[in-house]
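Single-letter residue listing:
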Amino acid sequence: MAYINVLSRRDFLSHTLRTGAALGLASLTQVPPFARRALAESGIGLNGKKLLFIFLRGANDALNSLIPIRDSSYSLVNRPNLFITSDAGTNYATTGPCDFPTGLSSTFSYADGIRSGNGFAALHPSLKFLAPVYNAGDLALIHRVGYPRQSRSHFDSQAYWETGEPNSSGREGIFYRTLVESGLPTSNPLSGVSIQSGLPTLLKGSQAALTNLSDPTRYDLLGLPHAAATGDRKAMNAILAAQPAKFGDKRSRTLLELQYQNMVSTLNLFATIDFTEAGNTFQDNGITDGAGSSAYSLFPTTNAKNGGGTLSKYVVDAGAYSFFEQLKGAALILNNTDAVIAGTEMTGFDTHNNQGGANGAGTFNSQHANLLTRVGWAIYALRKYFKTYNNKVDWNNLVVVTLTEFGRTSIQNTSNGTDHAEGGMMLVAGGGVKGYQKNGRPSGIYACHPTDSIPWVTGPAGSMFGVAGRYLQRAVDYRSVLGEIIRDHLGASTDQLGRIIPGYTTPGEHLQFGGVSSGDSTSILGELDVV
């Protein structure tokens, strides 16, 4: 068929859409062997549990997020422009619930470290809206996270996090493999979805056609509202009525056919969801501190929906609107379709220059603080959304997890910023998360206390400088956190987990039960029992 080389783009799309759409997802009869095995073995997607991921691109500064405020090395000497001060009236050794600063003249005018309640650490003041989630027992904050022989390359480290294979050339995503093991991509056009500029490695692979959307409102055949456009309906009907073209069985043909089937099926699914700004009516179910006379919008995407347009009451900086548009899309998809995994990314964390200290949203303009307001409000808003507006999944059956490629240097650089380092931080949230006062736990903070089984050692020779005398040393492998979520929350079997995260049960890795990693002789905790 030599003419294929001269097909126009329109002809190509028309031809391939006819091929996939006319087959229809329901008529797939040649289920690949991997999918047959997965459908027989897996509980993934069958237990009602779902996952929402947020990748913090650029490497979040963990030391200025969950602050070791009682470590003498967290100081003005080491971080003169970034240091978060202690509140003179607060005893940070006190255990109990996390503080939530209230009665402020401006939503984020509190500038000191927020007492976390674990007796050692504090939250950055811009993370204040994590406090209600933490105090409900629905949040785990995990410090000192990394992997053996940590790369300080953004490209490499992001790839390792996304594939679940540190120091490897693997290019299949960890959530892609999770969904392949579920068998769902053969029958569910939206088993995994990302809302960002391009499909992340997390969801990439050769045996399943997963979906990425940069803008759900523009995902349509003619770029018109699907439900209201007569021309669009005619185009869809023509595609569905066409006879399928016959192709020979060649490499990746099944994947291509499934990809086009997914495209057509998602058009119909998305027609039932209002992704528009007019549909962004989701609000807090109470008047939270700083909100004024009306509740905050959960997904602030315009000035009017950001603290009612009052600058001092902004819950995020005005640069956050595109992120919250994407986050809203991911939440709507999980809540209104059979998708099991969805998520997005937040960029801007490569804070080499003028990182900034305490001042957050509203009238302030601190780079890192503004990023943290987005993180804090995102977790708070997702909890309220899935508790108040739940449809196909509620908060108790959802886990929200953040990822970031590494932490940043313990001592600030000469540009008033921080450079690439090692140990970072993960957040895990959800109604089923074993946080503060759940299962008898006095704290929802992990790996950030001198009495932990792998203690946080204070002082100039301590944990903050445990690697090469300048980097925070890890105590948790990120794969242990994700592995536990994939098995105990999403429902993967132990055998499946070994395929999803290669080497998960390899003795020298100690990912499940902890021990001294054979990769670099560092002691790690193993799984933390957070879900």
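Within any chain, residue numbers begin from 1 and follow the written order of that chain's sequence. In keeping with the predicted nature of the model, local features appear solely for residues at pLDDT of at least 70, side-chain atom pairs appear and are counted solely at 80 or more, and the whole-chain, interface and lining totals rest on all residues. Calculated side-chain values reflect all of the structure's heavy atoms, with hydrogen atoms and water omitted.

Colleague: Got a minute to help me understand the overall build of the protein in this structure?
Modeller: To qualify as a helix, a DSSP run of H or I must reach at least 4 residues; to qualify as a strand, a run of E must reach at least 2; elements of each kind are numbered from the N terminus. Counting secondary structure elements, the protein contains eleven helices and 14 strands. Here's how the labels work: a residue is buried when its accessible area is under 20% of the maximum for its type, exposed when over 50%, partly exposed in between, all with a 1.4 Å probe on protein chains only. Evaluated residue by residue, the protein yields a buried proportion of 59% over its 531 residues. Contacts in the protein between residues far apart in sequence, at least 24 positions, make up 71% of those at least 6 positions apart. For accessible areas, the Shrake-Rupley method is used with a probe of radius 1.4 Å. Any residue's cover is judged against the shown protein chains and nothing else. Element-wise, carbon and sulfur atoms account for 50% of the exposed surface of the protein, whose accessible area totals about 19900 Å². For this analysis, residues touch if any pair of their heavy atoms sits within 4.5 Å.

Colleague: Would you take a moment to explain empty space enclosed by the protein for this structure?
Modeller: One way to see where empty space is left: roll a probe the size of a water molecule over the atoms. Computed over the protein atoms alone on a 1 Å grid, cavities are sets of points where a 1.4 Å probe fits but cannot get out and pockets are open sets with protein on both sides within 12 Å along at least five of seven lines; a residue lines them when it has an atom within 4 Å of a point. Grid points are joined across faces, edges and corners, and a volume is the space filled by probe spheres set on the points. For the structure shown, the criterion picks out one cavity of 30 Å³ or more. What the largest cavity holds in volume is close to 50 Å³. Together, Leu56, Asn60, Leu127, Leu372, Val375, Thr402, Met425 and Leu427 line the largest cavity. Among the elements of the structure, α9 (367-388) and β10 (424-429) are those that each provide at least two residues to the lining of the largest cavity. A breakdown of the residues in the lining of the largest cavity according to their chemical character gives six nonpolar, two polar and no charged. Think of it as three bins: nonpolar holds Ala, Val, Leu, Ile, Met, Phe, Trp, Tyr, Cys and Pro, charged holds Asp, Glu, Lys and Arg, and polar takes everything else, Gly as well.

Colleague: Sorry if this is basic, but what is going on with the pairing of β10 here?
Modeller: Residues in a regular strand project their side chains so that they alternate between the two faces of the sheet. The element β10 is largely enclosed, with a buried count of six among its six residues. As judged from the six bridges shared by strand β5 (residues 139-146) and β10, these two strands associate in the antiparallel manner. Bridge pairing links leucine 139 to alanine 429 in β10. Across two bridges, the pairing between strand β9 (residues 398-403) and β10 is antiparallel. Two strands qualify as a pair provided DSSP detects at least 2 bridges between them.

Colleague: Looking at this structure, how should I read the sheet that holds strand β3 (residues 114-115)?
Modeller: A sheet is described by the order of its strands in space; here three strands give the open sequence β2-β4-β3, paired in antiparallel fashion. In this open sheet, the two edge strands, each paired with only one partner strand, are β2 (66-67) and β3. Pairing of β2 with strand β4 (residues 122-123) involves two bridges; the strand directions are antiparallel. Paired with leucine 66 across the bridge in β4 is leucine 123.

Colleague: Mind showing me how you'd approach the packing of aromatic side chains here?
Modeller: Both the distance between ring centres and the angle between the ring planes are used here to describe each pair of aromatic rings. Only rings of Phe, Tyr and Trp enter the pairing, Trp through its six-membered ring, and a pair is recorded when the two centres are within 6.5 Å. The plane angle decides the type: under 30 degrees is stacked, over 60 is edge-to-face, the rest tilted. Per the stated rule, a full pass over the model turns up 21 aromatic pairs. Note on tyrosine 147 and tyrosine 160: the rings are 5.8 Å apart at their centroids and 85° apart in plane angle, and the pair reads as edge-to-face. Here tyrosine 147 is found in the loop between β5 and α4 (154-163), whereas its partner tyrosine 160 is found in helix α4, with 13 residues between them in sequence. Its relative accessible area of 11% is what places tyrosine 160 among the buried residues. Members of the aromatic cluster, each reached through a chain of ring pairs, are Phe100, Phe108, Phe129, Tyr296, Trp377 and Tyr380. Over the ring of phenylalanine 55 we find arginine 57; its NZ or CZ atom is 4.0 Å from the centre of that ring. By the criterion adopted, a ring carries a charge over it if an Arg CZ or a Lys NZ lies within 6 Å of its centre and within 35 degrees of its normal.

Colleague: Looking at this model, I keep getting lost on the pairing of β9. Mind explaining?
Modeller: Across the six residues that make up β9, a large majority, six, are buried. Where strand β1 (residues 50-56) lies against β9, six bridges are found, and the strand directions are parallel. If you follow leucine 52 over to β9, its bridge partner there is valine 400.

Colleague: Looking at this model, I keep getting lost on the pattern of salt bridges. Mind explaining?
Modeller: Where charged atoms from two side chains of opposite charge approach closely, those side chains can pair. For salt bridges, the criterion is a side-chain nitrogen of Lys or Arg within 4 Å of an Asp or Glu carboxyl oxygen. For the structure shown, the criterion picks out 23 salt bridges. Notably, a salt bridge pairs aspartate 138 with arginine 383, separated by 2.9 Å at the nearest N-O pair. Of this pair, aspartate 138 sits in the loop between α3 (130-135) and β5 while arginine 383 sits in helix α9, and the two are 245 residues apart along the sequence. Judged by relative accessible area, which is 5%, aspartate 138 ranks as buried. With its nearest N and O atoms 3.0 Å apart, the salt bridge here joins glutamate 509 to arginine 479.

Colleague: Sorry if this is basic, but what is going on with α9 here?
Modeller: It helps to recall that an α-helix has 3.6 residues per turn; residues three or four apart then point in one direction. When the terminal C-alpha atoms of α9 are compared, their 32 Å separation across 22 residues agrees well with the 32 Å that a helix rising 1.5 Å per residue should span. Along α9, 19 of the 22 residues are buried, which leaves the element largely enclosed by surrounding structure. Here the expected span of a helix is defined as 1.5 Å times the quantity of residues minus one.

Colleague: Just to check I follow, could you spell out the environment of glutamine 367 for this structure?
Modeller: Mapped onto the fold, glutamine 367 is located in helix α9. The class of glutamine 367 is partly exposed, set by a relative accessible area of 32%. The spatial distance from the C-alpha of glutamine 367 to the C-alpha of glycine 356 is 5.7 Å, given a sequence separation of eleven residues.

Colleague: Explain helix α5 (residues 174-182) here, please?
Modeller: The element α5 is largely enclosed, with a buried count of nine among its nine residues. Residues Ile174, Phe175, Tyr176, Arg177, Thr178, Leu179, Val180, Glu181 and Ser182 constitute the buried set of α5.

Colleague: Can you walk me through the confidence of the model for the protein in this structure?
Modeller: Should the pLDDT be low somewhere, the predicted coordinates at that spot are not to be read in detail. Across the protein, pLDDT averages 87, with 82% of residues at or above 70. Each residue gets a pLDDT score, which is the predictor's confidence in that residue and runs from 0 to 100. Long-range and interchain partners of residues 1-32, a stretch whose pLDDT sits below 50, account for 40 contacts in this model, where long-range means more than four residues apart. The low-confidence segment residues 221-228 (pLDDT under 50) makes 20 contacts with residues lying over four places distant or belonging to another chain.

Colleague: Help me understand the side chain of threonine 409 in this model?
Modeller: By the element assignment, threonine 409 lies in the loop between β9 and β10. The exposure class of threonine 409 is buried, given its relative accessible area of 2%. When residues no more than four places from it in sequence are discounted, the contact partners of threonine 409 are Arg79, Thr418, Asp419, His420, Ala421, Arg470 and Tyr471.

Colleague: What am I meant to see in the packing of helix α8 (residues 321-336) against α9 here?
Modeller: Packed helices, taken two at a time, are described by the angle between their axes plus the distance between the axes. Contact pair α8 / α9: the axes reach a minimum separation of 11 Å and the direction vectors enclose 25°. If you check the angle between α8 and α9, you find them roughly parallel. The element α8 and its partner α9 pack so that their crossing is right-handed. Touching Phe323, Phe324, Leu327, Ala331, Leu332, Leu334, Asn335 and Asn336 of α8 are Arg374, Trp377, Ala378, Leu382, Tyr385 and Phe386, all from α9. For the contact of α8 with α9, the residue count by class is eleven nonpolar, two polar and one charged. Under this scheme, a helix contributes an axis fitted over its contacting stretch, all axes are lines through C-alpha atoms, and angles between N-to-C directions fall in the 0 to 180 degree range. We call two directions roughly parallel when the angle between them is under 35 degrees, roughly antiparallel when it is over 145, roughly perpendicular when it lies between 65 and 115, and oblique otherwise. Two helices crossing with the near one rotated counterclockwise from the far one by less than a right angle form a left-handed crossing, whereas a clockwise rotation gives a right-handed crossing.

Colleague: What should I look at first to understand the environment of proline 166 in this one?
Modeller: Position of proline 166 relative to the elements: it lies in the loop between α4 and α5. Of the residues examined, proline 166 reaches a relative accessible area of 14% and is grouped as buried. Expressed as a C-alpha distance, the spacing of proline 166 and serine 151, which sit 15 residues apart in the sequence, is 8.8 Å. Discounting residues that sit within four places of it in the chain, proline 166 has contacts with Tyr147, Tyr160, Tyr478 and Arg479.

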